[in-house]
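Structural description and commentary
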Amino acid sequence: MESKSFDIIVVGAGHAGIEASLAASRLGLNTLIITTNLDRIGYMSCNPAIGGLAKGHMVREIDAMGGEMGRATDASCIQFKRLNAKKGPAVRGSRAQCDKDLYVSYMTQTLRSQKNLSLLQGEVKSLLLKDEICLGVKLEDGSEIQSKKVIITTGTFMNAVMHVGLEQQSGGRVGDRATSGISDQMKSFGFKVFRLKTGTPPRLLKESIDFSKTTPQPGDEKFYPFSFLSEKQYKLPQVDCYLSYTNPETHEIIFKNLDKSPIFCGVIEGTGPRYCPSIEDKVTRFRERVRHQTFLEPEGLSTNLIYLQGISTSLPAEAQDQFIRTIAGLENVKFARYGYAVEYDFIEPTQIRHTLETRCIQNLYLAGQINGTSGYEEAAAQGFMAGVNAAMSLLDKDPVVLGRDQAYIGVLIDDLVTKGTQEPYRMFTSRAEHRLLLREDNTLDRLLDLGLEIGLINKDQHSEIEILREARKVERNRLASTTLYPNEETNSKLSALGTKELLKPTTLEVLMRRVEVDSNFIHNLGYEVSLDPHVAEQLEIEIKYEGYVKKQLELVNQTKRLELLRLDENLDYSQIRGLSSEEVEKLGKVKPVNLGQAQRISGVNPSAIQAILVHIKGRKKINQLEIVQR
């Protein structure tokens, strides 16, 4: 690093920091990324897996706009699965088990070779502030680095404490120390700072496991890469994961040791993740269950470490020794590392804007677990958007804010900014009211043009996808213009292929609306049709779900009418007649940017929206009258 002044400084080199720094530097901004450990760029502190339900959607969305997570995942994938493959397209999700070391290596090389990006190992102790403007950062050694924008992506490291039983140790994960200073400074500046908790399972030695007592869980033969720029076949050898279960003996040992659990003793104050609970939480919350599943997942091709999915714990080491060995296949297991919990600071996210810039301090952006989220994908999505918006601001361009009907990333950020969170926020398909529009298969249609507009997708990449789009149009026109007639020959073929006979002339497009009819079916009928999965699959979904999509688009249009009614950030809600004290408090806290966001705030009733609307119309009439009188 030669300069002491940058356009953008990114604090942290986890998944959020990576995407933020790459987006900013690729947009031409002189960017610096600062991390306490340059050997752990993009390190997966917990399970080395990317994707899952709704999470896989976000990885593809990042990729469609020019982010890096999808490419890194494809390059390090050692097992791929399409979850919910037999269910509707809106709830299908891709998940990849990655080689932990290869992922870090890929991301490290990507950052080091990126133009306009400098890397620095060090700890940021505080922000350089003047009045309400962030001007850079101050390091542990006392040196100062100035910048026009700062993006904080500190993950689970702010004032972090690790817990194993009743023993405590400062640190955000094993091998990496906690960071201090930033959250205390922000708290003194007026930010609301709270505590959250996360946890991780033990790591086991592969050679000490009896896999014959477990059930192999192979990946899928067919690969759907996360990035549209990746090759369509696996780059690495694929491995199996293995399924086993806890049992009543396991649970009994855990119950006997709850008095040594920091969660149950009140030592940990932070709220843990509801949807990824510790094994202590599981056995106490679901006492009626006699077993809980656990997946034994390899951490890479060149390591003997096994990740024990589903057994996050902070019980003492001796208790872990006992209860883990009651699980089938683990009777003689050896531990590489015991499980532990981490408690850390986060900033209440209603204090940030949709651009991820804070309300209290200008030029300061927050992204990732500092905003109360849980997961690599949620962090990367926020990091990407923070990097883009910090760059857009410096380039005097309009901010990029994704709608709830446009991307899961839009749902994620709107939920955080509008509703806040009291527990680690995790994305699910059920959080998106327009999830039929936000499928994995149409990600490029939704966001690739935006990626080109932002400047992170180039014209050559865009034109490749345009070819596929055009191919779909050709196929659809062909299906719509080809009519089948209910003659003996046609009905005989249809019957032989397992579908009902025709009663009237029917186009191939209408025929494809039947559940059992796909492109292969049309091909077997003897008609020309593309069997390219990148053309056929999405076309089939478009045709089969067209009616449902139209209904959802009608709802989107209704919602957008409210989104167009902008609200002044400084609007005094206490002056609006008809609002309850609770509604005044919540509206004043969130400061919604439009009536649509106001409607989504928990505790704000439809009558309050009407009252705000009446108030706005009344103010407009007064303003118009004043203009006329002048």
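Definitions and limits used
- Residues numbered from 1 in each chain as written.
- Predicted model: local features only at pLDDT ≥ 70, side-chain atom pairs only at ≥ 80, totals over all residues.
- Heavy atoms only, no water.
- Helix = DSSP H or I, 4+ residues; strand = E, 2+ residues; numbered from the N terminus.
- Rg over C-alpha atoms; globule rule 2.2 N^0.38 Å.
- Buried < 20%, exposed > 50% of the residue type's maximum accessible area, 1.4 Å probe, protein only.
- Contact = heavy atoms within 4.5 Å.
- Areas by Shrake-Rupley, 256 points an atom, 1.4 Å probe, with all protein chains shown as cover.
- Lys, Arg positive; Asp, Glu negative; His and termini not counted.
- Charge placed at Lys NZ, Arg CZ, Asp CG, Glu CD.
- Polar contact = N/O pair within 3.5 Å; in protein donor to acceptor, adjacent residues only side chain to side chain.
- Salt bridge = Lys/Arg side-chain N within 4 Å of Asp/Glu carboxyl O.
- Expected span 1.5 Å × (residues − 1).
- Core = buried A, V, L, I, M, F, W, Y, C linked by side-chain atoms within 4.5 Å.
- Domains from an automatic or database assignment.
- Buried area = accessible area lost by both parts, 1.4 Å probe.
- pLDDT = per-residue confidence, 0-100.
- Axes fitted to C-alpha atoms, helices over the stretch in contact; angles between N-to-C directions.
- Parallel < 35°, antiparallel > 145°, perpendicular 65-115°, else oblique.
- Left-handed = near helix turned anticlockwise from the far one by under 90°.

1. Section: the overall build of the chain
When helices and strands are counted, the chain shows 20 helices and 22 strands. A compact globule built from 630 residues would reach a C-alpha radius of gyration of about 25 Å, and the chain, at 27 Å, matches this within 12%. Based on the C-alpha atoms only, the size of the chain along its principal axes is roughly 90 × 85 × 55 Å. Across the 630 residues in the chain, those meeting the buried criterion constitute 56%. Within the chain, counting contacts between residues at least 6 apart in sequence, those at least 24 apart form 73% of the total. When the accessible surface of the chain is summed, it comes to about 27,700 Å², and 48% of that surface belongs to carbon and sulfur atoms. Of the charged side chains in the chain, 80 are positive and 81 negative; the average position of the first set lies 3 Å away from that of the second.

2. Focus on the side chain of Asn 442
With respect to the secondary-structure elements, Asn 442 resides in the loop between helix 10 (408-419) and helix 11 (443-454). At 3.2 Å, the side chain of Asn 442 forms a polar contact with the backbone nitrogen of Arg 439.

3. Things to note about the pattern of salt bridges
Enumeration over the complete set of coordinates arrives at 44 salt bridges. Ionic pairing is found between Arg 404 and Asp 415, a salt bridge with its closest N-O pair at 2.8 Å. Residue Arg 404 is found in the loop between helix 9 (376-394) and helix 10, and its partner Asp 415 is found in helix 10; the two are separated by 11 residues along the sequence. On the basis of relative accessibility, which here comes to 3%, the residue Asp 415 falls in the buried class. Across the salt bridge formed by Asp 441 and Arg 439, the nearest N and O atoms sit 2.8 Å from each other.

4. Focus on helix 11
With 12 residues, helix 11 extends 16 Å between its outermost C-alpha atoms, agreeing within 8% with the 16 Å of an ideal straight helix rising 1.5 Å per residue. Within the sequence span of helix 11, burial applies to Thr 443, Arg 446, Leu 447, Leu 448, Leu 450, Gly 451 and Ile 454. In this structure, the buried residues of helix 11 make contact with helix 2 (55-64), helix 9 and helix 12 (459-481). Following helix 11 by one or two positions, Gly 455 adopts a phi angle in the positive range, close to 115 degrees.

5. A short note on the nonpolar core
Membership of the largest hydrophobic core comes to 94 residues, with the highest contact counts inside it found for Val 137 and Ile 409. Element by element, the count of residues in this core is highest for helix 9, at 11 residues. Counting contributing residues per domain, this core is built from domain 1 (5-200 + 344-429) and domain 2 (203-340), each supplying no fewer than three. Formed by 20 residues, the second largest nonpolar core is a distinct cluster that contains Ile 209, Leu 258, Ile 279 and Val 283.

6. Structural notes on the domain arrangement of the chain
Along its sequence, the chain is organised into domain 1 (5-200 + 344-429), domain 2 (203-340), domain 3 (459-549) and domain 4 (564-629). Placing a centre on the C-alpha atoms of domain 2 and another on those of domain 3 gives a separation of 44 Å. Contacts between the two partners involve 5 residues from domain 2 and, on the opposite side, 5 residues from domain 3. When domain 2 packs against domain 3, the two sides together hide about 400 Å² of surface, and 68% of this comes from carbon and sulfur. If you look at where domain 2 meets domain 3, you find 0 salt bridges.

7. Thoughts on the confidence of the model for the chain
Overall, the predicted model of the chain reaches an average pLDDT of 92, with 98% of residues at or above 70. Contacts of residues 624-630 to residues separated by more than four positions or lying in other chains number 0 contacts, the stretch itself having pLDDT below 50.

8. A look at helix 10
Taking 1.5 Å per residue, 12 residues should reach 16 Å; helix 10 reaches 16 Å between its end C-alpha atoms and fits that length. Taken together, the buried positions of helix 10 are occupied by Tyr 408, Ile 409, Gly 410, Val 411, Leu 412, Ile 413, Asp 414, Asp 415, Leu 416, Val 417 and Thr 418. Where helix 10 is buried, its residues contact helix 2, helix 9, helix 18 (581-590) and helix 19 (595-599). Of the residues one or two after helix 10, Gly 420 is the one with positive phi, at around 70 degrees.

9. Observations regarding the packing of helix 12 against helix 16 (residues 533-544)
The contact between helix 12 and helix 16 brings their axes to 9 Å, and the two run at 55 degrees. Relative to helix 16, the element helix 12 is oriented oblique. Here helix 12 and helix 16 pass one another in a crossing that is right-handed. Side by side, helix 12 and helix 16 meet where Leu 468, Ala 471, Arg 472, Glu 475, Arg 476 and Leu 479 of the first sit next to His 534, Val 535, Gln 538, Leu 539, Glu 542 and Ile 543 of the second.

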